[in-house]
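Architecture and fold: a report
Read off the chains here:
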Amino acid sequence: MQITGYKSHGVAAAVALVNAVTSEGGDDSDDALRTLLRECGFFWHQFEPDQAAAFREWGGTLRPFFEATDLETAVSLLNELLLRIPMHPHLADHDDPVGLHMHYAPPSADLAHRFRATTLMNLSELVCRHGLSRTGVCAAEDCDRVYADTSRAGRRRFCSEACANRTNVAAFRARQRDAP
Ligand SMILES: [Zn+2]
């Protein structure tokens, strides 16, 4: 079961942005950022090229959270950001399939600020609920992409099926080679 609604949108958006900005082969062009915003349910048509730098900066800012290996480090990072990003929670119900939901940034905030507030709150909620067991850097050997797992099972360790399969095949071949 997926966690539905804005929760998974913000978490998925954080993952997509960190990968676009910081991973090898990531695409953080204006067009790629626009696509990312559209796919994650943000008001992508409000994106202006002069906001791109703010999005790229935020992607770099969030990466250490996914790289954190102990909860204390992750929590202090999130707390530092929660102090830095102005919040003004309110309920919103605009014409979209989500229905009534929380907005965290002040109503007058621009898209980049709203994106920061939403991704930060959603990652914080995920950590309150699951600690660091749902986020990390892909376990495949040659991959630096990050992932977040909002499924019920929560056993994900790879950024994609492709990385999971590649790693499993390599492990299988290694076992066969080492077999007597
Ligand atoms: Zn990967």
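Scope of this entry: the structure provided in the associated data block. In this numbering scheme, every chain counts its residues from 1 along its sequence in written order. Local features in this predicted model are restricted to residues of pLDDT 70 or higher, and side-chain atom pairs are both shown and tallied only at a pLDDT of 80 or more, whereas totals for entire chains, interfaces and linings draw on every residue. Side-chain measures here rest on the full set of heavy atoms in the structure, leaving out hydrogens and waters.

1. Some points on the pattern of salt bridges
For this document, the term salt bridge refers to a Lys or Arg side-chain nitrogen within 4 Å of an Asp or Glu carboxyl oxygen. One pass over the full model with this rule turns up six salt bridges. A salt bridge links Asp142 to Arg166, with the nearest nitrogen and oxygen atoms 2.7 Å apart. Of this pair, Asp142 sits in the loop between strand E3 (135-137) and strand E4 (146-148) while Arg166 sits in helix H6 (residues 161-178), and the two are 24 residues apart along the sequence. When a residue's accessible area, from a 1.4 Å probe over protein chains only, is under 20% of the maximum for its type it is buried; when over 50% it is exposed; and in between it is partly exposed. Residue classification places Asp142 among the exposed residues on the basis of a relative accessible area of 61%. When its relative accessible area of 38% is taken as the criterion, Arg166 is described as partly exposed. Strands are runs of DSSP state E lasting at least two residues, helices are runs of H or I lasting at least four, and both sets are numbered from the N terminus onward.

2. Focus: helix H4 (residues 71-84)
Taking 1.5 Å per residue, 14 residues should reach 20 Å; H4 reaches 20 Å between its end C-alpha atoms and fits that length. All buried positions along H4 are accounted for by Ala74, Leu77, Leu78 and Leu81. End-on, the buried residues of H4 take up no more than an arc of 95°, which puts them together on one face. Opposite the buried face of H4, by more than 90 degrees, sit the exposed residues Glu72 and Leu83. On the buried face of H4, the contacting elements are helix H3 (52-67) and helix H5 (111-130). How far a helix is expected to stretch is found by multiplying one less than its residue total by 1.5 Å. Think of the arc as the fan of directions from the helix axis to the C-beta atoms. Every residue pair with non-hydrogen atoms within 4.5 Å of one another is taken to be in contact.

This is a description of form; function is not addressed.
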